[in-house]
Amino acid sequence: MKINKGKTIVLLAGTVLTAMSLHAGAFRASASVGLADSVKTETTAMDKSNSVVDEVIWVVGDEPILKSEVEIMRLQSEAEGMKWDGNPECILPEQIAVQKLFLHQAALDSIEVTESEISQGIEQQINYWISLPQIGSKEKLEEFQHKSMAQIRQDLHDDYKNRQLVQKMQEKLVSDVKVSPAEVREYFRKLPVDSIPMIPTTVEVEILTQTPRVEPEEVNRIKNQLRDYTDRVTKGETSFATLARLYSEDTGSARQGGELGYMGRGMLDPAFAAAAFNLTDPKKVSKVVESEFGYHIIQLVDRRGDKVNCRHILLKPHVSMASVDAAKERLDSIGKDIKKGKFTFEDATAYLSDDKDTKNNHGLLVNSSENSRTSRFKMKDLPTEVARVVETMKVGEISMPFQMVNARGKVVCAIVKLKGRVPEHRATITEDFQAMRDIVTAKRRMEIIHDWVVKKVKETYVRINPRYKDCKFQYEGWIK
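Bear in mind the structure is a predicted one, so any value in this text is a computation, not a measurement.

## What about the pairing of strand 5 (residues 202-210)?
Part 1: With eight of its nine residues buried, strand 5 lies for the most part within the structure.
Part 2: For strand 5 and strand 12 (residues 377-378), the ladder comprises two bridges, and the chain directions are antiparallel. Each bridged residue has a counterpart across the sheet, and for threonine 202 the counterpart in strand 12 is lysine 378.
Part 3: Here strand 5 pairs with strand 14 (residues 411-422) via nine bridges, running antiparallel. Within the sheet, the bridge partner assigned to valine 205 lies in strand 14 and is leucine 418.

Below, the structure is given as structure tokens:
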């Protein structure tokens, strides 16, 4: 199981990215589950108490910023416990304005986020919410939100897409930033001792997973359902796109009639790619294809060089509790054999683990970002279910079996071994060089992002309501 950190600019939290991860009218990734309804209730009350329901308070380029956008963003932030270093009436519209600058540039640079990426991100967010102790199931999540799962996914869609576009745009701006070891040493040499950063507690974790067996009857049910869809399309009873909108469990692409957009072979699951690139007739539908995500049928839309645009319908087999319990029993037996000394945890992962990302690496979880690859995790960077188990473990201890959802959206059962723990400490160049280089790199990237925003503000038409003229903004140039 390979864990990818937030991409490059997530390291800039507290500056530009605090703004970027917020978007009026939708959840942030870490938002409280009941947030939407509290915001809705308070906003309704606000509207009723004011004669003027809404107004344009800023214009950036040709994009207006509404008073209601700022108010909803404020309510969301307060519900999450966010504190502002300054006046939120000034900070929040500036954050929205900066986001619009990045989104506009992303459109000019033809930066895209695929529906597949959006769908995967939304599913990870929903799975995180479901994993919270106070939720625990899709039904409970729907109850908290007073919405169906389809509505929850729809509400998350545009917000997630915009955040990804902004992130990709920022990544492009700082993609060439590099710092040398000499620069890292020089930066920290000049820091006063009490300004040297504290390194949070980090852990190294090994994992062994077992995938609950899907009953043959369930697989047959899924395949027969997909074959029925193929028959209906072939007979002209309905279109593939219509069926995708109604039934596909890839919720992101379902909104687009199952269409994924132009994608290279390497961007797709190998089995899916093999079937998609073999299609030549847009009127034909593929045979049922099994991928890491479930079962699909695929229809060609178009091909351009080494990229293909296709529609698909995804159905995911449901795993029974009996299968989950059986997988946990297998893991419990494996754990007991390890504790008896019959074999090591590391050897067991090579022969018994289903996790292809770690089984050849002694089960060691890898924390990857665009610029680094390490086995050390801050607790907040671990998958939620793993962090919850590891938090109370001792070094060398093996956990009891537990259930989790992996990065591909599949239910798996796992046991973990805590390989190591390094307590919180003040950074040293010998022990924490990578963390210190990340700090210097992040600082350099923040400077580039800041300079880009200032330059962009100067080049962009901006009109601001006069009541904001005395605001102290993070970026100069808003007041023309």
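## Some remarks on the pairing of strand 3 (residues 63-66)
Part 1: In terms of strand pairing, strand 2 (residues 56-60) meets strand 3 through four bridges, oriented antiparallel. Of the residues in strand 3, the one forming a bridge with tryptophan 58 is isoleucine 65.
Part 2: Two successive antiparallel strands, strand 2 and strand 3, enclose a turn made up of two residues, where glycine 61 displays a positive phi of approximately 65°.

## A short note on the state of the cysteines
Part 1: Taken as a whole, this structure holds one disulfide when the rule is applied.
Part 2: Across the disulfide from cysteine 90 sits cysteine 471; the S-S distance is 1.9 Å. In this structure, the disulfide formed by cysteine 90 and cysteine 471 twists by about -65° around the S-S bond and is classed as left-handed. Residue cysteine 90 is found in helix 4 (residues 88-108), and its partner cysteine 471 is found in the segment after strand 16 (462-464); the two are separated by 381 residues along the sequence. Per residue, the accessibility class of cysteine 90 equals that of cysteine 471, and both read buried.

## Focus on the sheet that holds strand 13 (residues 402-405)
Part 1: Here we have four strands laid out as an open sheet, ordered 12-5-14-13, and antiparallel in their pairing. The sheet is open, and its two edges are formed by strand 12 and strand 13, each paired on a single side.
Part 2: With respect to the sheet, helix 13 (residues 321-339) is in contact with strand 5, strand 13 and strand 14, its orientation differing from that of strand 14 by roughly 35°.
Part 3: On the sheet, helix 14 (residues 345-352) packs against strand 5 and strand 14 and is oriented at approximately 40° with respect to strand 5.

## Some words on helix 13
For an α-helix the count is 3.6 residues per turn, leaving residues at separations of three or four pointing the same way.
Part 1: In this model, helix 13 (19 residues) spans 27 Å end to end at C-alpha, consistent with the 27 Å of a helix rising 1.5 Å per residue.
Part 2: Restricting attention to buried positions, one finds in helix 13 the residues Ser323, Val324, Ala327, Leu331, Ile334, Gly335, Asp337 and Ile338. Along the long axis of helix 13, the arc covered by the buried residues comes to 165°, so they all point the same way. Within helix 13, the exposed residues directed more than 90 degrees away from the buried face are Met321, Ala322, Glu329 and Lys339.

## Thoughts on the packing of aromatic side chains
Part 1: Counted by the stated rule, this structure contains six aromatic pairs.
Part 2: For the ring pair tryptophan 58 and tyrosine 468, a centre distance of 6.2 Å and an interplane angle of 75° mean the geometry is edge-to-face. Of this pair, tryptophan 58 sits in strand 2 while tyrosine 468 sits in the segment after strand 16, and the two are 410 residues apart along the sequence.
Part 3: Residue classification places tryptophan 58 among the buried positions, given a relative accessible area of 0%.
Part 4: What makes tyrosine 468 buried here is its relative accessible area of 5%.

## Description of the environment of arginine 221
Part 1: Within the secondary structure, arginine 221 sits in helix 9 (residues 216-234).
Part 2: Expressed as a C-alpha distance, the spacing of arginine 221 and proline 317, which sit 96 residues apart in the sequence, is 8.5 Å.

## Here's the deal with the packing of helix 4 against helix 16 (residues 433-459)
Part 1: Following both chains from N to C, one finds helix 4 and helix 16 inclined at 85°, their axes separated by 11 Å at the closest point. Of the possible angle classes, the one that applies to helix 4 and helix 16 is roughly perpendicular. In this structure, helix 4 contributes Val98, Leu101, Phe102, His104, Gln105 and Leu108 to the contact, and helix 16 contributes Ile449, Trp452, Val453, Lys456 and Val457.
Part 2: Residue classes in the contact of helix 4 with helix 16 are distributed as eight nonpolar, two polar and one charged.

## Quick notes on the confidence of the model for the protein chain
Part 1: For the protein chain, per-residue confidence averages 83 on the pLDDT scale, and 88% of positions sit at 70 or higher.
Part 2: Ignoring residues within four places in sequence, the model shows residues 4-52, a span with pLDDT below 50, making 111 contacts including any to other chains.

## With respect to the packing of helix 5 (residues 115-131) against helix 7 (residues 149-173)
Part 1: Between helix 5 and helix 7, whose axes approach to 9 Å, the crossing angle comes to 120°. As the angle between them shows, helix 5 and helix 7 are arranged oblique. Here the hand of the crossing between helix 5 and helix 7 comes out right-handed. Residue-level inspection shows Glu115, Glu117, Ile118, Gly121, Ile122, Glu123, Gln125, Ile126 and Trp129 of helix 5 in contact with helix 7, the latter providing Met149, Ile152, Arg153, Leu156, His157, Tyr160, Lys161 and Lys168.

## A few points about helix 16
Part 1: With 27 residues, helix 16 extends 39 Å from end C-alpha to end C-alpha; this agrees with the ideal 39 Å at 1.5 Å per step.
Part 2: Within the span of helix 16, buried status applies to Met436, Asp438, Val440, Thr441, Ala442, Arg445, Ile449, Trp452, Val453, Val454, Lys456 and Val457.

## A word on the nonpolar core
Part 1: Trp58, Ile65, Phe102, Ile126, Leu141, Val453 and Trp478 are the most contacted members of the largest nonpolar core, which totals 45 residues.
Part 2: Listed by contribution, the elements that provide at least two residues to this core are strand 2, helix 3 (67-79), helix 4, helix 5, helix 7, helix 16 and strand 16.
Part 3: The element contributing the most residues to this core is helix 4, with eight residues.
Part 4: With residues near it in sequence (within four places) discarded, valine 453 still touches Val98, Leu101, Phe102 and Tyr475.
Part 5: Ile207, Met393, Phe402 and Leu418 belong to the second-largest nonpolar core, a separate cluster that totals 16 residues.

Calculation notes
- Residues numbered from 1 in each chain as written.
- Predicted model: local features only at pLDDT ≥ 70, side-chain atom pairs only at ≥ 80, totals over all residues.
- Heavy atoms only, no water.
- Buried < 20%, exposed > 50% of the residue type's maximum accessible area, 1.4 Å probe, protein only.
- Helix = DSSP H or I, 4+ residues; strand = E, 2+ residues; numbered from the N terminus.
- Pairing = 2+ DSSP bridges.
- Disulfide = S-S within 2.5 Å.
- Contact = heavy atoms within 4.5 Å.
- Axes fitted to C-alpha atoms, helices over the stretch in contact; angles between N-to-C directions.
- Expected span 1.5 Å × (residues − 1).
- Arc of directions from axis to C-beta.
- Phe/Tyr/Trp six-rings, centres within 6.5 Å; stacked < 30°, edge-to-face > 60°.
- Parallel < 35°, antiparallel > 145°, perpendicular 65-115°, else oblique.
- Nonpolar A, V, L, I, M, F, W, Y, C, P; charged D, E, K, R; others polar.
- pLDDT = per-residue confidence, 0-100.
- Left-handed = near helix turned anticlockwise from the far one by under 90°.
- Core = buried A, V, L, I, M, F, W, Y, C linked by side-chain atoms within 4.5 Å.

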